Amino acid sequence: MVENTQSNLAVTVTGVEDDRTGLSIPTLRRALADNLFYLQGKFPRIATPNDYYMALAYTVRDRLLQRWLSTIRTYLEQNVKVVSYLSAEFLLGPHLENNLINLGIYEQVQQAVTESGLDLPTLLAQEEEPGLGNGGLGRLAACYLESLATLEIPAVGYGLRYEFGIFDQEIQEGWQVEITDKWLQYGNPWEIARPEAAQMVKFGGHTEVYTDNQGAMRVNWIPGQEVKGIPYDTPILGYRVNTANTLRLWKAEAPESFDFEAFNLGDYYGSVDAKIVSENITKVLYPNDEPLQGKQLRLQQQYFFVSCALQDMIRIHLRRGNPIETFHEKFAVQLNDTHPSIGVAELMRLLVDEHGMGWERAWEITQQTFGYTNHTLLPEALEKWPLDLFRRLLPRHLEIIYEINRRFLDQVRIQYPDDHEKLAQLSLIDESGERYVRMAHLATVGSHTINGVAELHTQLLQAEVLQPFAELFAVGNWRQTFTNVTNGVTPRRWVALSNPRLTRLITSKIGDRWLTHLDDLRQLETFADDPAFQQEWRQVKQAVKEDLANRIYKQQGIAINPSSLFDIQVKRIHEYKRQHLNVLHIITLYDRLKQNPNLDLVPRTFIFGGKAAPGYVMAKLMIKLINSVAETVNNDPTVRDRVKVVFIPDYNVTNSQPVYPAADLSEQISTAGKEASGTGNMKFSLNGALTIGTLDGANVEIREEVGAENFFRFGLSADEVAQLKAGGYTPQYYYQSNVLLKSAIDLIDSGLFSGGDRELFRPLINSLMNEDPYLLFVDYPDYIECQSQVSRAYRDSEHWTRMSILNVARMGKFSSDRSIREYSDRIWHTPPVKVELEAYAQTKAGLSV
Ligand code: 26Q
């Protein structure tokens, strides 16, 4: 089934398979035993499961290196244009299983492991996932890297190597407790440090003007501190191709010279302090998915990795023999949100100050280099930095931003003479109160293309947050254009790896091309009404639900009924995502059961999962509410298991993989206009869940694709939300006019779910009764009605199965391969490049020359 170019190449002149590239089962077994001995320093009697995992990981990494090095060599030799994906987050998930799948050696390795007396799932479970992201944005970056490699597009991901990723979540007495994520404690077999490619990054200090020997005015930045960036590289392999691109993450260290100075002065502790201050920069990921006011360390992180990345690109560019003027022809740099947008000013600084280029030329190159992806419409989530902090940390960049702004506003004045309000709206500096640098404005002005992540989001972006820019660019000769690229997810991780049963069933009917051409799934439409296929489809769903039920029982001791409707909401906890609307529905069902204990309800299991930002009090209270309602409902004998509520702790990539396949119903219930896209919505539907959702983010497009009759839509549209808010909204009125809603709120208020404590959930209730900023009360009646439609539909098992099959069959659009193709064709202009594998023997011969 799998073509293995490598097995031939692994055979050396002596006719023996090379130990580090060979793919035969005996060779894999020998490699595993060797690595246990030589890399872990263990023999079987004393080896832990983690030792075996490490030995296997190294065995697989050896087989990756051939492809990785061939890829790097090809890019170098052909001087190709490379995508540079700048992201403060990459939420990769575990590597091992994905690499087995993409290499096409799953079965061989499974066999070799079994023959060695080991169990592959046990070894896979040892891997600590690199949790280097918060949620959607970081996971999108990971899907995009995988698709870039699969599509054979030259790319490198640049980011931060946080020593501590997103915290591990424990639930204690219903509350979230955060535990430090020590993902590196047993070592990371997937990365290779490249200290020889370190970069220096400056902070603070001041600038000086001087005249160079050509008589030109130049600026010199004299820093107050310097930090060294060490790159750590991880190969990202494409699916069944030779392309293995690089993820290059930077770790901050103190430069040796800095220590020495203090040491020579006799201040040993001072020198160690300086080291600690430097290393702090990459210590920990900020666990917030929106900016917190003026956290200096966060700005340092952003500048640190962006500066390392741009210096690295320029170094590579020049080493390849290219003139600096063609930088934009060889690198397409994508800004994953505003987090790396300081890159606009940094590239200007590098070109003008360090490479002596004139401003106009440098600005053209900069604009032609960057693309900016926006991921949010929430005004409070727009990144801005206090001017004073900015000046203290990045004095030269502030000067550059002023100059960019001055020239930009001069252009604006031509279009809007004497319109001071327009200038204030568009300015890179917010001067309405305390002064700030507006990072979205910097990114917009400094890029050639600005994109949103779903059709609706892109529309709203141009109508709201960046409206003045959209209006400006529509007239006159501006370089910038707005466009949409709807998000996607990789079917390799989110179907092949997560749902092998469904993968086998689909492949048995339509072959396996769909894994790289997801539109092929449409061929499943012919089987939507085929009773035999329907039966197999239900069997897969049932088996997968049993898997999840077993997992939950093992981990939490909660028994759930695998025949009940699995109704799942997993995502970061946020008011705008409205997990509490879901809870109101649960309380309403509970209320109805209490009123009428013999009510004929479709049994449902409500599953939640997600982390709250540690400082987000309301989100943490929402977690407590879910767990409190779970406690009450699960232990009430009148319920008789017709309603069960489970909160899965520590939701991360690893824990999410068994969740999506097991869902019957996917909850995508954000207030319309608030969720930029969503990507979990795609993972669910692609695994045969039906969606209950608002017309928000990519839900709109999912519904278009799968058909309105196969999607449970409810709630106000984004337009209606805006109208209602404009007219002044009073939640109390809605509370008074819906008995079910009133009753649900009153039950929380009564202390029923909090052991009689009526104060516990007071902040939540007050927020809903007085503000209800996300309109739960408005959407509640429609949501409840829609949920009863869901239950009715679920009773008709044939019809439900048909809808489920059609959902999967029509999800082809939401592959990240499609997204990446759009970015590549319309924004980056980076054609694919075939990578030829070079035989290992030849590489070795080359090395000895
Ligand atoms: C910024 C500055 C300082 C500290 C933190 C941050 C920060 C960090 C993470 C701000 C935002 C984030 C993450 C945002 C995010 O995940 N957005 C989601 O992106 C997905 C991919 O496009 C979309 O599908 C989701 O709709 C969007 O919420």
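Small disclaimer: the values here were computed from a predicted structure and weren't measured.

Once that is clear, we can look at the side chain of Ser816. Within the element layout of this structure, Ser816 appears in helix H34 (residues 816-828). Note on Ser816: relative accessible area 0%, which makes it buried. In contact with Ser816, other than residues within four places in its own chain, are Cys143, Tyr144, Ser147, Gly488, Val489 and Thr490.

Let's shift gears to the sheet that holds strand E16 (residues 429-430). Taken in spatial order, the three strands make up an open sheet running E15-E17-E16, and their pairing is antiparallel. Edge positions in the sheet fall to strand E15 (384-386) and E16, since each has one partner strand and no second. Here E15 pairs with strand E17 (residues 436-438) via three bridges, running antiparallel. Residue Lys384 lies in a different strand from E17, and its bridge partner there is Arg438.

Quick look at the layout of surface pockets now. Its boundaries defined by the atoms lining it, the second largest pocket holds a volume of some 560 Å³. Residue lining of the second largest pocket: 23 residues in total, with Ile72, Thr246, Arg248, Ile316 and Arg319 positioned closest to the centre. Listed by contribution, the elements that provide at least two residues to the lining of the second largest pocket are helix H3 (49-78), strand E4 (155-160), strand E12 (244-253) and helix H10 (296-319). The element that contributes the greatest number of residues to the lining of the second largest pocket is H3, accounting for six residues. Looking at the lining of the second largest pocket residue by residue, the class counts come to 12 nonpolar, three polar and eight charged.

What follows is about helix H4 (residues 96-103). Burial analysis of H4 places eight of its eight residues in the buried class, which makes it a mostly covered element. Within the span of H4, buried status applies to Leu96, Glu97, Asn98, Asn99, Leu100, Ile101, Asn102 and Leu103. At the C-terminal side of H4, Gly104 shows a positive phi close to 80°.

For the rest of this paragraph, the subject is the packing of aromatic side chains. Summed over all chains, the structure comprises 23 aromatic pairs. An aromatic cluster is present here, built from Phe408, Phe469, Phe473, Trp478 and Phe482 joined pairwise through their rings. Directly above the ring of Phe167 sits Lys611, whose terminal nitrogen or CZ lies 5.5 Å from the centroid.

This part covers the confidence of the model for the chain. Per-residue confidence for the chain gives a mean pLDDT of 95; residues scoring 70 or more make up 96%. In this model residues 1-8 is a low-confidence stretch, pLDDT under 50, and it forms 22 contacts with partners more than four residues away in sequence or in other chains.

Across the sheet, six strands lie side by side as E22-E21-E20-E23-E24-E25; this open sheet has parallel pairing. The open sheet has two edge strands, strand E22 (643-648) and strand E25 (712-713), and neither has a second partner. Relative to strand E21 (residues 604-609), strand E20 (residues 565-570) runs parallel, the two being bridged by six bridges. Looking across to E21, one finds that Leu565 is bridged to Arg604. The strands that helix H33 (residues 797-809) touches are strand E24 (690-693) and E25; relative to E24, the one it contacts most, it runs at about 85°.

Turning to the packing of helix H2 (residues 25-38) against helix H5 (residues 106-115), a few remarks are in order. To describe two helices that pack against each other, one gives the angle between their axes and the distance between the axes. Packing of H2 against H5 brings their axes to within 9 Å, and their N-to-C directions diverge by 60°. On the basis of the axis angle, H2 is oblique to H5. Where H2 crosses over H5, the handedness of that crossing is right-handed. Residue-level inspection shows Ile25, Leu28, Arg29 and Leu32 of H2 in contact with H5, the latter providing Gln108, Val109, Gln111, Ala112, Val113 and Glu115. For the contact of H2 with H5, the per-class residue count stands at six nonpolar, two polar and two charged.

Contact pair helix H22 (residues 531-556) / H33: the axes reach a minimum separation of 10 Å and the direction vectors enclose 80°. Between H22 and H33, the angle is such that the two are roughly perpendicular. Where H22 abuts H33, its residues Phe533, Gln534, Trp537 and Arg538 lie against Ser797, Glu798, Thr801, Arg802, Ser804, Ile805 and Val808. Looking at the contact of H22 with H33 residue by residue, the class counts come to four nonpolar, four polar and three charged.

The local shell around the ligand holds 19 residues, among which Leu137, His375, Asn487, Glu675 and Gly678 are the closest. His375 places a polar side-chain atom, nitrogen or oxygen, 2.6 Å from an oxygen atom of the ligand. Ala676 places a polar main-chain atom, nitrogen or oxygen, 3.3 Å from an oxygen atom of the ligand. Summarising the interface, the protein chains cover 93% of the accessible area of the ligand, which totals 620 Å² for the free molecule. The biggest single contributor to the shell around the ligand is helix H7 (residues 136-150), with three residues. Class assignment of the residues belonging to the shell around the ligand gives a composition of six nonpolar, eight polar and five charged.

This next bit is on the nonpolar core. With 185 residues, the main nonpolar core has Phe304, Phe390, Ile404, Val643 and Phe712 as its most contacted residues. For this core, the element with the most residues is H10, which contributes 11 residues. Among all residues touching Ile404, those that are not within four sequence positions of it are Val344, Met348, Trp359, Trp363, Leu428, Leu442 and Val445. Listed in part, the 55 residues of the second largest apolar core include Cys143, Leu686, Val808 and Met811.

This paragraph deals with unusual backbone geometry. The backbone of Arg240 shows a phi angle near 55°, a positive value even though the residue is not glycine. Examined against the element boundaries, Arg240 turns out to sit in the loop between strand E11 (225-237) and E12. Judged by relative accessible area, Arg240 falls into the partly exposed class, the value being 26%. Here Asp650, not a glycine, exhibits a phi torsion of approximately 55°, which is positive. Locating Asp650 in the fold gives a position in the loop between E22 and helix H25 (653-656).

A separate point is empty space enclosed by the protein. Taken as a whole and assessed by the stated rule, the structure comprises seven cavities of 30 Å³ or more. One number sums up the size of the largest cavity: a volume of about 150 Å³. What lines the largest cavity is simply Leu92, His95, Asn98, Asn99, Arg139, Ala142, Glu146, Pro235, Ile236, Leu237, Thr490 and Arg493. Breaking the lining of the largest cavity down by element, the ones donating at least two residues are H4, H7 and E11. Looking at the lining of the largest cavity residue by residue, the class counts come to five nonpolar, four polar and three charged. Structurally, the lining of the largest cavity is a two-domain feature, drawing no fewer than three residues from each of domain 1 (1-80 + 94-128 + 833-849) and domain 2 (81-93 + 129-487).

Calculation criteria
Residues numbered from 1 in each chain as written. Predicted model: local features only at pLDDT ≥ 70, side-chain atom pairs only at ≥ 80, totals over all residues. Heavy atoms only, no water. Helix = DSSP H or I, 4+ residues; strand = E, 2+ residues; numbered from the N terminus. Buried < 20%, exposed > 50% of the residue type's maximum accessible area, 1.4 Å probe, protein only. Contact = heavy atoms within 4.5 Å. Pairing = 2+ DSSP bridges. 1 Å grid on protein atoms, 1.4 Å probe; cavity = no way out; pocket = protein on both sides within 12 Å on 5 of 7 lines; lining within 4 Å. Points joined across faces, edges and corners; volume = space filled by probe spheres on them. Nonpolar A, V, L, I, M, F, W, Y, C, P; charged D, E, K, R; others polar. Phe/Tyr/Trp six-rings, centres within 6.5 Å; stacked < 30°, edge-to-face > 60°. Lys NZ or Arg CZ within 6 Å of the ring centre and 35° of its normal. pLDDT = per-residue confidence, 0-100. Axes fitted to C-alpha atoms, helices over the stretch in contact; angles between N-to-C directions. Parallel < 35°, antiparallel > 145°, perpendicular 65-115°, else oblique. Left-handed = near helix turned anticlockwise from the far one by under 90°. Near = heavy atom within 4 Å. Polar contact = N/O pair within 3.5 Å; in protein donor to acceptor, adjacent residues only side chain to side chain. Areas by Shrake-Rupley, 256 points an atom, 1.4 Å probe, with all protein chains shown as cover. Core = buried A, V, L, I, M, F, W, Y, C linked by side-chain atoms within 4.5 Å. Domains from an automatic or database assignment.

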